[in-house]
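Single-letter residue listing:
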2 protein chains.
Amino acid sequence: MPVMPATIPETHPRRESLLVRERLARGFGEGLVAAEGLMAHGRGEAFDYIIGERTRGFARAAIRAAAATLLLAERPAISVNGNVAALCPGEAAGLARATGAVVEVNMFYADAGDPAGGTWARRRRAAAALARAGAREVLGASPENAGRLPGTDSERGTADVRGALAADVVLVALEDGDRAAALAAAGKTVIAIDLNPLSRTAAAAHVTIVDNVVRCMGELAAECGRLSGNGREELEGARDSFDNAANLASAVRAMAAGLEARAAGAGTA
Amino acid sequence: MPVMPATIPETHPRRESLLVRERLARGFGEGLVAAEGLMAHGRGEAFDYIIGERTRGFARAAIRAAAATLLLAERPAISVNGNVAALCPGEAAGLARATGAVVEVNMFYADAGDPAGGTWARRRRAAAALARAGAREVLGASPENAGRLPGTDSERGTADVRGALAADVVLVALEDGDRAAALAAAGKTVIAIDLNPLSRTAAAAHVTIVDNVVRCMGELAAECGRLSGNGREELEGARDSFDNAANLASAVRAMAAGLEARAAGAGTA
């Protein structure tokens, strides 16, 4: 279903956000993004608007802890969905290269028009987009090697036995809350990218990066490059000194402070 | 493009919000809702989540001022888009009956698959949905009587000469910011329903109801019924004593306070 975005004036104050929206709409038109993925993106846009559409200090702290955690992992996996494959496949592929992680596509919502409610067609499209963007190998694109994550029902439970199911550290970008909790319950260290610091995914993860995935995925790869020279002890220090609950609380406080500041402006407008 | 929502457990904490999401997804499948409408709904969901998914005091104050403004209008018009036609057509029709307003459909985003980028097919579907829900007559569904709102480009400028263009008071539900500003610039009193108190629509309107349209549309019709017995002077008092900028500021402050309270909880989690 093609989508025709309105043309965006060069001068539009939120042009960047609208260009990302267009990219997602194209991904939707190409059958890469689910209709529910469009709604989820809108929710993220609202939270991003509230944090000021920039990578904040709390996100930088989480990026550093996430980079150390990925570098210390024995079998890291990067789990991406259709939105990530449409918005920043190159950054996801770059992060995999920087960390030696496998890339796995995971879909929750059934492919439109698939009477069986399957997700394989969209998984294949996402894998192809990631491969075009430089990912060496992409797991999760075919039923072979598909296992089940304990404690989940439906498509959320499908995962690759060579990917998330075998991994000790899993980075989940824009993840479903039940699945993030199930990964943690399965004993995996979970790194989440989620613009909603109050989400179940944010709470279930060990490290939650509260930032726009389009901004922070490349930042995370760069941080892995910067930290890669460090010794194990330094990396363990960067990983173990991070308090996710406290970092999430400061993200929520920063949002509240930003709204307070705008309220003052709005009140005098 | 059919959408298959996941089944929602009876026990899910945010079941109501998810059921509304399913209704919108169905409207999308029926070609009533635009892909961009799904993203816009997601943005609204995030703001609704922050205000606590209930009609707050600042919204009730705006609903009272909006009801008085509609009852005092000589030619009120209710402008709805595809999302409203999909989510609460009966409430929109009921508000029109309670106020003697005309109902007009307005679409900004081109119909998917229309090479000319037109919106008429979706306008007709929205008008049909509103008629099925009890709207006596629905304007804006065909090119005849289509005029142009001064100071707008593109589809945003299309409006019915018997509807918004002839109206002295226009209620816009989930409106585009440029169009809301153009309606105000054209000398119309604008009532907006918008969950983002910081949006250009919220700022451009004379009365902004910061609430979920699914909750407040029926509330507004009920308030019109309650106030209809009042004399002109009482109604003018209710209308003219309302300060939109101050009400918007209190909505933003309430959001900030809600986040602060949750941050305290998250910090101790």
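What you see is a predicted model; the values in this text were computed from it and never measured.

Describing the overall build of chain A
Then, in step 1: The helix and strand inventory of chain A stands at 11 helices and eight strands.
Then, in step 2: Here the C-alpha radius of gyration of chain A, 18 Å, is about what a compact globule of 269 residues would show, namely 18 Å.
Then, in step 3: Dimensions of chain A, computed from C-alpha atoms along their principal axes, come out at roughly 60 × 50 × 30 Å.
Then, in step 4: Going through the 269 residues of chain A one by one, you find that 57% of them count as buried.
Then, in step 5: Taking as baseline every contact in chain A between residues at least 6 positions apart, the subset at least 24 positions apart corresponds to 63%.
Then, in step 6: Accessible surface, chain A as shown: approximately 10,300 Å² in total, 50% of it carbon and sulfur.

A closer look at helix H1 (residues 15–29) of chain A
Then, in step 1: Taking 1.5 Å per residue, 15 residues should reach 21 Å; H1 of chain A reaches 21 Å between its end C-alpha atoms and fits that length.
Then, in step 2: Within H1 of chain A, burial applies to Ser17, Leu18, Val20, Arg21, Glu22, Leu24, Ala25, Gly27 and Phe28 of chain A.
Then, in step 3: On its buried face, H1 of chain A sits against helix H2 (35–51), helix H4 (82–87) and helix H9 (213–227) of chain A together with helix H1 (15–29) and helix H2 (35–51) of chain B.
Then, in step 4: The positive-phi residue at the C-terminal boundary of H1 of chain A is Gly31 of chain A, with phi of around 75°.

Description of the sheet that holds strand S8 (residues 207–209) of chain A
All names here are of chain A.
Then, in step 1: The six strands are arranged S3-S2-S1-S6-S7-S8 in an open sheet whose pairing can be described as parallel. Two strands in the sheet have a free side with no partner beyond their single neighbour: strand S3 (138–139) and S8.
Then, in step 2: In this sheet, S3 lies alongside strand S2 (residues 102–105) in parallel orientation, the contact comprising two bridges. Counterpart to Val103 in the pairing with S3 is Val138.
Then, in step 3: Here helix H3 (residues 57–72) sits on the sheet in contact with strand S1 (76–80), strand S6 (169–173), strand S7 (189–193) and S8, set at roughly 130° to S8.
Then, in step 4: Across the sheet, helix H5 (residues 89–99) lies against S1, S2 and S6, angled at about 175° from S1, the strand it touches most.

Comments concerning the nonpolar core
Then, in step 1: Grouped together as the largest cluster of nonpolar side chains are 153 residues, with contacts concentrated most on Ile209 of chain A together with Ile209 of chain B.
Then, in step 2: Those residues in contact with Ile209 of chain B that sit more than four places away from it in its chain are Ala59, Ala62, Ile63, Ala66, Ile191, Ala192, Ile193, Asp194, Cys216 and Leu220 of chain B.

A few points about the state of the cysteines
Residue and element names in this part refer to chain A.
Then, in step 1: Inspection of every chain in the model, using the stated rule, returns zero disulfides over all chains.
Then, in step 2: Not part of a disulfide, Cys216 finds its nearest cysteine sulfur in Cys88, a span of 7.9 Å.
Then, in step 3: Free cysteine Cys224: the closest other cysteine sulfur is in Cys216, separated by 12 Å.

Things to note about the packing of H5 of chain A against H9 of chain A
Residues and elements named next belong to chain A.
Then, in step 1: Direction vectors running N to C along H5 and H9 enclose 15°, while the axes themselves pass 8 Å from each other. Comparing the axis directions of H5 and H9 gives the class roughly parallel. The way H5 lies across H9 gives a crossing that is left-handed. Counted together, Glu91, Ala92, Gly94, Leu95, Ala98 and Thr99 of H5 and Met217, Gly218, Leu220, Ala221 and Cys224 of H9 form the full contact between these two elements.
Then, in step 2: Residues of the contact of H5 with H9, tallied by class, amount to seven nonpolar, three polar and one charged.

Quick look at the packing of aromatic side chains
Then, in step 1: A complete count under the given rule lists one aromatic pair over all chains for this structure.
Then, in step 2: With a centroid separation of 5.6 Å and 55° between ring planes, the pair formed by Phe28 of chain A and Phe28 of chain B is classed as tilted. Here Phe28 of chain B lies in helix H1 and Phe28 of chain A lies in helix H1, a pairing that spans two chains. Taken as a pair, Phe28 of chain A and Phe28 of chain B share a single burial class, namely buried.
Then, in step 3: Here the basic side chain of Arg262 of chain A rests over the ring of Tyr49 of chain A, its NZ or CZ set 4.6 Å away from the ring centre.

Describing the sheet that holds strand S7 (residues 189–193) of chain B
All names here are of chain B.
Then, in step 1: Pairing within the open sheet is parallel, and its six strands lie in the order S3-S2-S1-S6-S7-S8. A single partner strand is all that each edge strand has here, and the edge strands are strand S3 (138–139) and strand S8 (207–209).
Then, in step 2: When strand S6 (residues 169–173) meets S7, the two strands line up parallel, connected through five bridges. Bridge pairing in S7 places Val172 opposite Ala192.
Then, in step 3: Helix H6 (residues 120–132) rests against strand S1 (76–80), strand S2 (102–105) and S3 of the sheet, and its axis sits at about 145° to S2.

Re the side chain of Lys188 of chain B
Residues and elements named next belong to chain B.
Then, in step 1: Relative to the assigned elements, Lys188 resides in the loop between helix H7 (177–185) and S7.
Then, in step 2: Among buried charged residues, Lys188 stands out as having no salt bridge; its nearest opposite-charge side chain is Asp168, 7.8 Å away.
Then, in step 3: A distance of 2.9 Å separates a polar side-chain atom of Lys188 from the backbone oxygen of Ala167.
Then, in step 4: Residues within four places of Lys188 in sequence aside, it is in contact with Ala164, Leu165, Ala166, Ala167, Asp168, Val170, Leu183 and His206.

Reading guide: rules and limits
- Note on numbering: residues in each chain are counted from 1, in written sequence order.
- Chain labels run from A onward and ligand labels from 1 onward, assigned in the order the entries are written.
- Owing to the predicted nature of the model, reporting of local features is limited to residues with pLDDT of at least 70; listing and counting of side-chain atom pairs is limited to 80 or more, with chain, interface and lining totals taken over all residues.
- Excluded from the side-chain calculation are hydrogens and water; included are all heavy atoms of the structure.
- Think of it this way: any DSSP run of H or I at least four residues long counts as a helix, any run of E at least two long counts as a strand, and we number them from the N terminus.
- Computation of the radius of gyration draws on C-alpha atoms alone. For the globule rule, the value is 2.2 Å times the number of residues to the power 0.38.
- A simple rule labels every residue: compare its accessible area, found with a 1.4 Å probe on the protein chains alone, to the largest value its type can have, and call it buried under 20%, exposed over 50%, or partly exposed in between.
- Throughout, a contact is declared for two residues whenever any of their heavy atoms are within 4.5 Å.
- Here the open area of atoms and residues is found with the Shrake-Rupley method and a 1.4 Å probe, where only the protein chains shown may cover a residue.
- A helix's residues, less one, multiplied by 1.5 Å, set its expected span.
- By the convention used here, strands pair only if DSSP detects at least 2 bridges between them.
- Fitted lines through C-alpha atoms serve as axes, helices being fitted only where they are in contact, and the angles separating the N-to-C directions of these axes extend from 0 to 180 degrees.
- Nonpolar core, defined: a set of buried Ala, Val, Leu, Ile, Met, Phe, Trp, Tyr and Cys residues in which side-chain atoms within 4.5 Å join the residues together.
- Criterion for a disulfide: a pair of cysteine sulfur atoms within 2.5 Å.
- Roughly parallel means an angle under 35 degrees; roughly antiparallel means over 145; roughly perpendicular covers 65 to 115; every other angle is labelled oblique.
- Whether a crossing is left-handed or right-handed is set by the direction in which the near helix is turned from the far one by less than a right angle, anticlockwise for left-handed and clockwise for right-handed.
- Residues are grouped as follows: nonpolar covers Ala, Val, Leu, Ile, Met, Phe, Trp, Tyr, Cys and Pro; charged covers Asp, Glu, Lys and Arg; every other residue, Gly included, is treated as polar.
- By convention, a stacked pair of Phe, Tyr or Trp rings (six-membered ring in the case of Trp) has centres within 6.5 Å and planes under 30 degrees apart, an edge-to-face pair has planes over 60 apart, and any other such pair is tilted.
- Two limits define a charge over a ring: the Lys NZ or Arg CZ must be within 6 Å of the ring centre, and within 35 degrees of the ring normal.
- Charged residues are defined here as Lys and Arg on the positive side and Asp and Glu on the negative side; His and the ends of the chain fall outside this count.
- Any Lys or Arg side-chain nitrogen located within 4 Å of an Asp or Glu carboxyl oxygen qualifies as a salt bridge.
- Pairs of N or O atoms within 3.5 Å make up the polar contacts considered here, provided that, within protein, one atom can donate a hydrogen while the other can accept it, and that residues adjacent in sequence are counted only when both atoms are side-chain atoms.

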